[in-house]
Amino acid sequence: MKLKGYIFGVLAAATYGMNPLFALPLYDEGLDANSVLLLRYLAALPILWAMIALRGRSLKVKRSELAPLCGLGLLLGLSSYGLFESYTYMDAGIASTLLFVYPLMVALIMTAVYRERLSMQTIVCLSVALGGIWLLSRNSAGVTLSAAGIGWVGVSALSYAVYIVAVNRIPQMRGVPTLKLTFYVLLFGLSIFAVKALATGSLQLPRSAAGWSFVGALALLPTALSLTLTTVAVQHIGSTPTAILGVFEPVTAVAFGVTVFGERLTDRQAAGLVMVLVAVTVVIAGGNITRHLVRLKKMFPPLRRNAK
């Protein structure tokens with residue numbers, strides 16, 4: 001069951017890393033962050049409804065589940081808005097890499113609030129992964145980061161960290177099926193963008209068929225699919241490992257930058273990529289590596305000093 005959680009965690013992060021791939025062309029068509037997110041969440045709801053209907057499930061929820069679902073939706077909506085708003089202040093690839101501070105936030109929340117013990121292996125892997133992300137976020141000439149952009153990424157990361165912890169820790173959510181939970185989280189998250197659109201009276205729509213296809217791709221891959229896989233991963237392996245596997249989100253962004261947008265992968269970024277992959281491999285291997293190291297140590301007992 002844990003292997004399933006790790007696989008789903010990697011896939012969730014990789015699909016979430018596709019956000020810039022579909023969002024940036026919509027920005028080029030004149031849409032702002034709020035409009036893109038409103039359309040994204042709206043388009044994702046029918047997809048999730050169809051998935052629930054095909055499985056013969058109901059959308060009914062208990063009254064006691066509504067408030068937690070609303071809270072989760074607002075957290076996710078705020079996280080999405082922070083990330084997409086940051087794209088207007090800095091390069092999307094850099095924003096995606098900076099977002100990876102959220103696993104550290106998850107680990108700190110789990111330690112401070114729930115007294116979860118962090119093993120030295122987890123601390124080292126998280127440190128190595130963060131170092132790799134720092135290298136991935138910089139080119140050979142260095143970068144100048146926008147304070148506003150960093151602020152929005154910080155809002156996004158903190159909201160997402162609290163969301164990941166809450167999904168696993170709120171008692172009322174443990175009995176809610178994954179697809180139903182994701183549906184209502186998106187429904188309540190949608191309210192943030194709907195209220196803002198009504199308050200400002202501005203809602204931009206795509207001007208081309210390609211633009212609408214990008215909306216559909218956003219709804220399916222980094223929204224419906226990614227959030228569903230994230231919830232399953234959290235349920236199988238817990239909040240902290242799922243968050244650490246989120247490292248594949250910026251890795252995906254870098255990969256698309258090289259293969260789709262023709263960006264050059266520098267030696268610095270290549271080193272960062274290797275650090276990230278090594279750290280994640282160790283996390284997935286978990287206690288197996290520790291057991292092997294202990295076994296190896298036993299093969300070489302310490303030499304005793306000759307008694308005088």
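The structure we're discussing is the one just above.
Being a predicted model, the structure only gives us computed values, none of them experimental.

### Side note on the overall build of the chain
Right, on to step 1. A tally of helices and strands in the chain yields 14 helices and zero strands.
Right, on to step 2. Order of helices (α) and strands (β) in the chain, N terminus to C terminus: α-α-α-α-α-α-α-α-α-α-α-α-α-α.
Right, on to step 3. For the chain, the proportion of its 308 residues judged to be buried stands at 46%.
Right, on to step 4. Contacts in the chain between residues at least 24 apart in sequence constitute 90% of all its contacts with a sequence separation of at least 6.
Right, on to step 5. For the chain, the exposed area adds up to about 15100 Å²; of that, 66% sits on carbon and sulfur atoms.

### A word on the side chain of Thr230
Right, on to step 1. With respect to the element layout, Thr230 can be found in helix α10 (residues 209–237).
Right, on to step 2. A distance of 2.8 Å separates the side chain of Thr230 from the backbone oxygen of Ser226, its partner in a polar contact.
Right, on to step 3. Among all residues touching Thr230, those that are not within four sequence positions of it are Ala12, Tyr160 and Thr242.

### Thoughts on the packing of aromatic side chains
Right, on to step 1. Evaluation of the coordinates by the stated rule reveals eight aromatic pairs.
Right, on to step 2. Each ring, one from Tyr41 and one from Phe193, has its centre 5.0 Å from the other, and the planes form 80 degrees; the classification is edge-to-face. Here Tyr41, found in helix α3 (residues 33–54), pairs with Phe193, found in helix α9 (residues 178–200); they are 152 residues apart in sequence, far enough to count as distant. Residues Tyr41 and Phe193 agree in their burial class; the two are buried.
Right, on to step 3. Taken together, a centroid distance of 5.0 Å and an interplanar angle of 80 degrees make the contact between Tyr102 and Tyr160 edge-to-face. Of the two residues, Tyr102 sits in helix α6 (residues 102–114) while Tyr160 sits in helix α8 (residues 147–169), which places them 58 residues apart along the sequence. Tyr160 carries the same exposure label as Tyr102, and that label is buried.

### Some words on the side chain of Lys180
Right, on to step 1. Relative to the elements of secondary structure, Lys180 occurs in helix α9.
Right, on to step 2. Despite being buried, Lys180 has no salt bridge partner; Glu65 is the closest side chain of opposite charge, sitting 5.9 Å away.
Right, on to step 3. If sequence neighbours within four positions are ignored, Lys180 has contacts with Ile52, Ser58, Leu59, Lys60 and Val61.

### What to know about the environment of Leu130
Right, on to step 1. You can see Leu130 is positioned in helix α7 (residues 120–136).
Right, on to step 2. Linking Leu130 and Leu104, residues 26 residues apart in sequence, is a C-alpha distance of 8.7 Å.
Right, on to step 3. Among all residues touching Leu130, those that are not within four sequence positions of it are Phe100, Val101 and Leu104.

### Focus on a nonpolar patch on the surface
Right, on to step 1. Among the surface-exposed residues, Leu3, Ile7 and Leu11 lie close enough to one another that they form a single nonpolar patch of about 280 Å² accessible area.
Right, on to step 2. Positionally, Ile7 belongs in helix α1 (residues 2–16).
Right, on to step 3. Its relative accessible area of 43% is what places Ile7 among the partly exposed residues.

### Here we look at the nonpolar core
Right, on to step 1. Ranked by internal contacts, the top residues of the largest apolar core, which has 62 residues, are Leu76, Phe84, Tyr87, Tyr102, Val106, Tyr163 and Leu186.
Right, on to step 2. Residue assignment for this core shows that the elements contributing at least two residues are α2 (19–28), α3, α4 (63–86), α5 (92–98), α6, α8, α9 and α10.
Right, on to step 3. Sort the elements by how many residues they give to this core and α3 lands first, with ten residues.
Right, on to step 4. Among residues more than four places away in sequence, those in contact with Phe84 are Asn19, Ala23, Tyr27, Ala33, Val36, Leu37, Arg40 and Leu218.
Right, on to step 5. Core analysis: the second largest hydrophobic core is formed by 15 residues, Tyr6, Phe100, Leu245 and Phe248 among them.

### Some words on the packing of α4 against α8
Right, on to step 1. One way to put it is that α4 packs onto α8 with a least axis distance of 7 Å and a crossing angle of 155 degrees. Taken as axis vectors, α4 and α8 run roughly antiparallel relative to one another. Seen along the crossing, α4 lies across α8 with a hand that is left-handed. Side by side, α4 and α8 meet where Leu72, Leu75, Leu76, Leu78, Ser79, Tyr81, Gly82, Leu83, Glu85 and Ser86 of the first sit next to Gly149, Trp152, Val153, Val155, Ser156, Ser159, Tyr160, Val162, Tyr163, Ala166 and Val167 of the second.
Right, on to step 2. Classifying every residue of the contact of α4 with α8 by side-chain character gives 14 nonpolar, six polar and one charged.

### Focus: the packing of α6 against α8
Right, on to step 1. Packing of α6 against α8 leaves a shortest axis separation of 9 Å and a crossing angle of 50 degrees. One finds that α6 runs oblique with respect to α8. Judged by the sense of rotation from one axis to the other, the crossing of α6 with α8 is right-handed. Residues Tyr102, Met105, Val106, Ile109, Met110 and Tyr114 of α6 form the contact with α8, whose own contacting residues are Gly154, Ala157, Leu158, Tyr160, Ala161, Val162, Ile164, Val165 and Arg169.
Right, on to step 2. Residues of the contact of α6 with α8, tallied by class, amount to 13 nonpolar, one polar and one charged.

Calculation criteria
- Throughout, residues of each chain are indexed from 1 in the direction in which the sequence is written.
- The model is predicted, so local features are restricted to residues of pLDDT at least 70 and side-chain atom pairs to those at 80 or more, both for listing and for counting; the totals for chains, interfaces and linings are taken over all residues.
- For side-chain calculations, the full set of non-hydrogen atoms in the structure is used, while hydrogens and water are omitted.
- Secondary structure follows DSSP: runs of H or I at least 4 residues long count as helices, runs of E at least 2 residues long count as strands, and numbering of each begins at the N terminus.
- Residue burial is assigned from relative accessible area. The probe radius is 1.4 Å, only protein chains are included, and a residue is buried under 20% of its type maximum, exposed over 50%, and partly exposed in between.
- The contact rule is simple, with two residues in contact once any of their heavy atoms fall within 4.5 Å.
- Only the protein chains shown count as cover for residues, and the accessible areas themselves come from Shrake-Rupley with a 1.4 Å probe.
- For this analysis, a polar contact is any N or O atom pair within 3.5 Å, provided that within protein one partner can donate a hydrogen and the other can accept it, and provided that sequence-adjacent residues contribute only side-chain to side-chain pairs.
- Note on aromatic contacts: the rings of Phe and Tyr and the six-membered ring of Trp form a pair at centre separations within 6.5 Å, being stacked when their planes are under 30 degrees apart, edge-to-face when over 60 apart, and tilted otherwise.
- We count Lys and Arg on the positive side and Asp and Glu on the negative side, and we leave His and both chain ends out.
- One speaks of a salt bridge when a side-chain nitrogen belonging to Lys or Arg is within 4 Å of a carboxyl oxygen belonging to Asp or Glu.
- Patch building starts from residues that exceed 30% relative accessible area and form no salt bridge, then joins like charges within 9 Å and nonpolar side chains (Val, Leu, Ile, Met, Phe, Trp, Tyr) within 5 Å.
- Within this scheme, the nonpolar core is defined by two criteria: the residues are buried Ala, Val, Leu, Ile, Met, Phe, Trp, Tyr or Cys, and they are joined through side-chain atoms within 4.5 Å.
- Axis definition: a line fitted to C-alpha atoms, over the contacting stretch in the case of helices. Angles run 0 to 180 degrees between N-to-C directions.
- Comment on the angle field: the value is read as roughly parallel under 35 degrees, roughly antiparallel over 145, roughly perpendicular from 65 to 115, and oblique elsewhere.
- Note: crossing handedness is left-handed where the near helix turns anticlockwise from the far helix by less than a right angle, and right-handed where it turns clockwise.
- Three classes are used: nonpolar for Ala, Val, Leu, Ile, Met, Phe, Trp, Tyr, Cys and Pro, charged for Asp, Glu, Lys and Arg, and polar for all others, with Gly counted as polar.

So far we have only geometry, and geometry alone does not tell us how the molecule works.
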